[in-house]
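# Notes for the structure review
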Amino acid sequence: FFDTVVLPVDGTYTLLLNPDGASVGQVAAQVHLVPPDATASTSPGGAAVTLTTTVPGQNSVVSFAGTAGQRVSVQLTGGTYGTYNASGVIRKPDGSSLTGSAYCGAS
């Protein structure tokens, strides 16, 4: 799986698949049109919000207002990603990463 990428110019793009070593076989390739990320907002101590993605590569973004010195944690429940997993990151107001989980599990 290749994560979402923004195409920079109009034109015909190609996907080159290069099997390792002397491997031979076949593969199915599908290109998805990815809608904007699913978004919602909440507040520390507030109610949980549910976001739904509709195509592979679409992300979910939950925003919340924070105050310097405030301590927060995040809990994700009720995922329905099947056998796949999700990674999560808390981003600072400038968009840089504060902390994250490399593996959030399928459910």
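What counts as what
- The residue numbering used here restarts from 1 in each chain and proceeds along that chain's sequence as written.
- Two thresholds apply to this predicted model, a pLDDT of at least 70 for residue-level local features and 80 or more for giving and counting side-chain atom pairs, whereas whole-chain, interface and lining totals are computed over all residues.
- Think of the side-chain values as coming from all heavy atoms in the structure, minus any hydrogens and water.
- Helix and strand definitions here come from DSSP, where helices need a minimum of 4 consecutive H or I residues and strands a minimum of 2 consecutive E residues; each element is numbered from the N-terminal end.
- For this measure, only C-alpha atoms enter the radius of gyration; the expected value for a globule follows 2.2 Å times N^0.38, where N is the number of residues.
- Think of it in three bands: with a 1.4 Å probe and only protein chains considered, a residue is buried below 20% of the maximum accessible area for its type, exposed above 50%, and partly exposed in between.
- Should any heavy atoms of two residues lie within 4.5 Å, those residues are counted as being in contact.
- Methods summary: accessible areas were calculated by the Shrake-Rupley approach with a probe of 1.4 Å, and residue burial reflects only the protein chains presented.
- As a per-residue quantity, pLDDT reports the predictor's confidence and falls between 0 and 100.
- Whether two strands pair comes down to DSSP finding at least two bridges between them.
- Contacts described as polar in this section are N or O atom pairs within 3.5 Å, which, within protein, must combine one atom able to donate a hydrogen with one able to accept it, while residues neighboring in sequence count only if both atoms come from side chains.
- Only residues whose relative accessible area exceeds 30% and that form no salt bridge enter a patch; like-charged residues are grouped when within 9 Å of one another, and nonpolar side chains (Val, Leu, Ile, Met, Phe, Trp, Tyr) when within 5 Å.
- Note on definitions: salt bridges are taken to be side-chain nitrogens of Lys or Arg within 4 Å of carboxyl oxygens of Asp or Glu.

## Regarding the overall build of the protein
Within the protein, the secondary structure is distributed over 0 helices and 4 strands. Tracing the protein from N to C terminus, the helices and strands come up as β-β-β-β. Taking 2.2 N^0.38 as the reference for a compact globule, 107 residues should give roughly 13 Å; the C-alpha atoms of the protein span a radius of gyration of 18 Å, well beyond that estimate. When the backbone C-alpha atoms are referred to their principal axes, the protein occupies close to 55 × 35 × 25 Å. Here the protein, with 107 residues, has 5% of them falling under the buried criterion. Sequence-distant contacts, at least 24 apart, represent 23% of the contacts inside the protein between residues at least 6 apart. Carbon and sulfur atoms form 54% of the exposed surface of the protein, whose accessible area is close to 9500 Å².

## Remarks on the environment of A86
Relative to the assigned elements, A86 resides in the loop between β2 (60-63) and β3 (88-91). Sequence spacing of A86 and S101 is 15 residues, and the spatial spacing of their C-alpha atoms is 8.9 Å.

## Describing the confidence of the model for the protein
In the predicted model, the protein carries a mean pLDDT of 87, and 93% of its residues have values of at least 70. Element-level mean pLDDT values for the protein span from 85 in strand β4 (residues 97-101) up to 95 in strand β1 (residues 38-41).

## Topic: the pairing of β3
Two strands pair when backbone bridges link them, and β3 and β4 are joined in this way by 4 bridges, in the antiparallel orientation. When the sheet's bridge partners are listed, I90 is paired in β4 with T99. Here β3 folds back onto β4, and the loop between the two strands holds 5 residues, one of which, G95, carries a positive phi near 95°.

## As for the side chain of Q58
Examined against the element boundaries, Q58 turns out to sit in the loop between β1 and β2. Only 2.7 Å separates the side chain of Q58 from the backbone nitrogen of T54, close enough to count as a polar contact. Excluding residues that lie within four positions of it along the chain, Q58 makes contacts with T4, V34, P35, P36, D37, A38 and T53.

## Focus: a nonpolar patch on the surface
A cluster of nonpolar side chains, namely F2, L15, L17 and V27, defines an oily patch on the protein surface of about 440 Å² accessible area. Here F2 shows up in the segment before β1. A relative accessible area of 62% means that F2 is categorised as exposed.

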